[in-house]
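# Descriptive structure summary
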Amino acid sequence: MHNVSLTKLGYNPSKFVAMMPEAMPELASVTSLASSALKQEELFPIREVSRLTGVNPVTLRAWERRYGLIQPTRTDSGHRLYSQADIDAVRSILAWIERGVAVSKVGSILAKSASSRSVATPAYNEVSSDDWSQWQGQVRSALQNFDEPRLERVYGQIFSCYPLPVVFQDIFMPVWQELLLRQDEVGLRGEWLMLDGFLRGRCWQRLQLGRDDSRERVLLVALPGHCRELELLVAALLLGNQDVDVSVMGPGVPMTDLALVCERMQPQALVVFSNQPPGEEFPRQLARLALGLECPLLLAGDSADLAEESLAGSPIACLGNEGRLMQRRMQQFLAGHLDT
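The structure reproduced in this document is the subject of the present report. (Residues numbered from 1 in each chain as written. Predicted model: local features only at pLDDT ≥ 70, side-chain atom pairs only at ≥ 80, totals over all residues. Heavy atoms only, no water.)

## Some points on the packing of helix 4 (residues 84-98) against helix 8 (residues 164-181)
The interhelical angle for the contact between helix 4 and helix 8, taken along N-to-C directions, is 55 degrees, at an axis separation of 11 Å. Classified by the angle between their axes, helix 4 and helix 8 sit oblique to one another. Crossing handedness for the pair helix 4 and helix 8: left-handed. In this structure, helix 4 uses Arg91, Leu94, Ala95 and Glu98 to contact helix 8, whose residues at the interface are Gln177, Glu178 and Leu181. Taken together, the residues of the contact of helix 4 with helix 8 sort by class into three nonpolar, one polar and three charged. (Axes fitted to C-alpha atoms, helices over the stretch in contact; angles between N-to-C directions. Helix = DSSP H or I, 4+ residues; strand = E, 2+ residues; numbered from the N terminus. Parallel < 35°, antiparallel > 145°, perpendicular 65-115°, else oblique. Left-handed = near helix turned anticlockwise from the far one by under 90°. Contact = heavy atoms within 4.5 Å. Nonpolar A, V, L, I, M, F, W, Y, C, P; charged D, E, K, R; others polar.)

See the structure below:
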């Protein structure tokens, strides 16, 4: 991971405050649906957005004027009002800056991510996002009290309500990412470590219990410094299905060793996972790796969206970073129906 100072860009970790949970809405109720719709339309003044994200108002206005990264609505008197989607965008911008991406380049990355999400068919419509934020509130409450039994119960309840992509991509990983960005605050590194360790353990457990040697095997690896272990494990869960068994090799495998590893394991495909912005040499490195493999090479993670144009025409398939889309593209590729 890149060590980037966000303070210069107006990010103050001490002011990064998580949104507090709201009361759970009644299920299958007309009143609940109307309430959810109103909450989705709730707008926040710039001072509240600054409190929630830790980004000062001057920086928020600069991101709007110079780069068009966020587009708040305006009152008749000209005051800015931000939606929850705007707040989520601010947090995404912070995450990309933390990875070392220049703020001037974040806009194109967010646009590609939005395009990928629109291609994937969501399992639930947007009304459910209000429920997700409230589940996140319960997760935060358990972490704030360092109450692992309660975290375990909430985890089980969430899995009983939603499919795996929603559980991780829409509920747990956003909380994990927020805490990752706030580790400099007193006590919050402990919360992040608790959640990270808890989720890594549950991911490994699910991967082991779901193993079936009769299925096709795909090897998933991450290059040194390209992601954290939990991100890799979640990707493995999202890629696996009833026809494909995903084997994970922890982060840090040198690219020079991968041809030998694949020669001995004989996977149906090698998937390289990366959440880092690809450098100029990255496409050429992948191309050289592909030449030494006897199996197909695929790229997943945020790098897959960012490197897609530079890899066009190569034998390397880009799977993207959205769970349902990654799984569908890999199935299509293994069946011979997806062009690289």
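## Looking at the sheet that holds strand 8 (residues 317-320)
Read across the open sheet, the five strands follow the order 5-4-6-7-8; overall the sheet is parallel. The open sheet is flanked by strand 5 (244-249) and strand 8, the only strands paired with a single partner. Averaged over all neighbouring strand pairs, the angle between strand axes comes to 30 degrees, with direction disregarded. Of the pairings in the sheet, the one linking strand 7 (residues 297-300) to strand 8 comprises three bridges and is parallel in character. Across the sheet, leucine 298 pairs through a bridge with alanine 317, a residue of strand 8. (Pairing = 2+ DSSP bridges.)

## Description of the environment of asparagine 321
Summarising the element assignment, asparagine 321 is placed in the loop between strand 8 and helix 14 (323-334). When the C-alpha atoms of asparagine 321 and glycine 301 are compared, they prove to be 4.3 Å apart, with 20 residues separating the residues in sequence. Aside from chain neighbours lying at most four places away, what touches asparagine 321 is Gln169, Phe273, Asn275, Gly301, Asp302, Asp305 and Met326. Within the local environment of asparagine 321, its side chain forms a polar contact with the side chain of aspartate 302, the two groups lying 2.9 Å apart. (Polar contact = N/O pair within 3.5 Å; in protein donor to acceptor, adjacent residues only side chain to side chain.)

## Notes on the pairing of strand 7
Residues of strand 7 alternate between two faces, with Leu297 and Leu299 on one and Leu298 and Ala300 on the opposite face, all of them buried. By the bridge criterion, four bridges tie strand 6 (residues 269-273) to strand 7 in an arrangement that is parallel. Within strand 7, the residue paired with leucine 270 across the bridge is leucine 297. Traced from strand 6 through helix 12 (residues 282-291) to strand 7, the parallel crossover comes out right-handed. (Buried < 20%, exposed > 50% of the residue type's maximum accessible area, 1.4 Å probe, protein only. Right-handed = clockwise from strand over helix to strand, strands pointing away.)

## Remarks on the packing of aromatic side chains
Here the distance between the centres and the angle between the planes together describe a pair of aromatic rings. If you walk through the whole model with that rule in mind, you get five aromatic pairs. Centroid distance tyrosine 155 to phenylalanine 159: 5.0 Å. Interplanar angle 65 degrees. Geometry classified as edge-to-face. Remark: phenylalanine 159 and tyrosine 155 occur in helix 7 (residues 148-161); sequence separation between them is four residues, near one turn of the helix. Phenylalanine 159 shares its class with tyrosine 155; the two are buried. Taking 6.0 Å as the distance between ring centres and 75 degrees as the angle between the ring planes, the aromatic pair formed by phenylalanine 159 and phenylalanine 168 counts as edge-to-face. Residue phenylalanine 159 is classed as buried on the basis of its relative accessible area, which comes to 17%. (Phe/Tyr/Trp six-rings, centres within 6.5 Å; stacked < 30°, edge-to-face > 60°.)

## A closer look at the sheet that holds strand 3 (residues 80-82)
With antiparallel pairing, three strands are arranged side by side in an open sheet as 1-3-2. Unpaired on one side and paired on the other, strand 1 (44-45) and strand 2 (73-74) mark the two borders of the sheet. Inspection of the sheet shows strand 2 paired to strand 3 by two bridges, in the antiparallel sense. Within strand 3, the position partnered with threonine 73 by the bridge is leucine 81. On the sheet, helix 3 (residues 57-67) packs against strand 2 and strand 3 and is oriented at approximately 90 degrees with respect to strand 3.

## Things to note about the packing of helix 9 (residues 188-209) against helix 10 (residues 229-239)
Between helix 9 and helix 10, the shortest axis-to-axis distance is 9 Å and the interhelical angle comes to 30 degrees. Of the two possible hands of crossing, helix 9 and helix 10 adopt the one that is left-handed. Between helix 9 and helix 10, the contacting residues are Asp196, Leu199, Arg200, Cys203, Trp204, Arg206 and Leu207 on the first element and Glu229, Leu230, Leu233, Val234, Ala236 and Leu237 on the second. Within the contact of helix 9 with helix 10, the residues separate by chemical class into nine nonpolar, no polar and four charged.

## Regarding the nonpolar core
Soluble globular proteins: nonpolar side chains tend toward being buried together. Counting residues in each nonpolar core, the largest one holds 55 residues, and the members touching the most others are Val139, Ile158, Phe168, Phe172, Leu195, Leu220 and Val271. Top contributing element to this core by residue count: helix 8, with 10 residues. Look past the residues within four positions of leucine 195 in its chain and what remains in contact with it is Val139, Leu143, Phe172, Val175, Trp176 and Leu179. Judged by nonpolar contacts, the second largest core, of 24 residues, contains Ile46, Ile93, Leu94 and Trp96. (Core = buried A, V, L, I, M, F, W, Y, C linked by side-chain atoms within 4.5 Å.)

## Comments concerning helix 10
Most of helix 10 sits out of view: 10 of its 11 residues are buried. Listed as buried for helix 10 are Leu230, Glu231, Leu232, Leu233, Val234, Ala235, Ala236, Leu237, Leu238 and Leu239.

## Quick look at unusual backbone geometry
Backbone geometry places phenylalanine 146, a non-glycine residue, at a positive phi of 50 degrees. Tracing the sequence through the fold places phenylalanine 146 in the loop between helix 6 (129-144) and helix 7.

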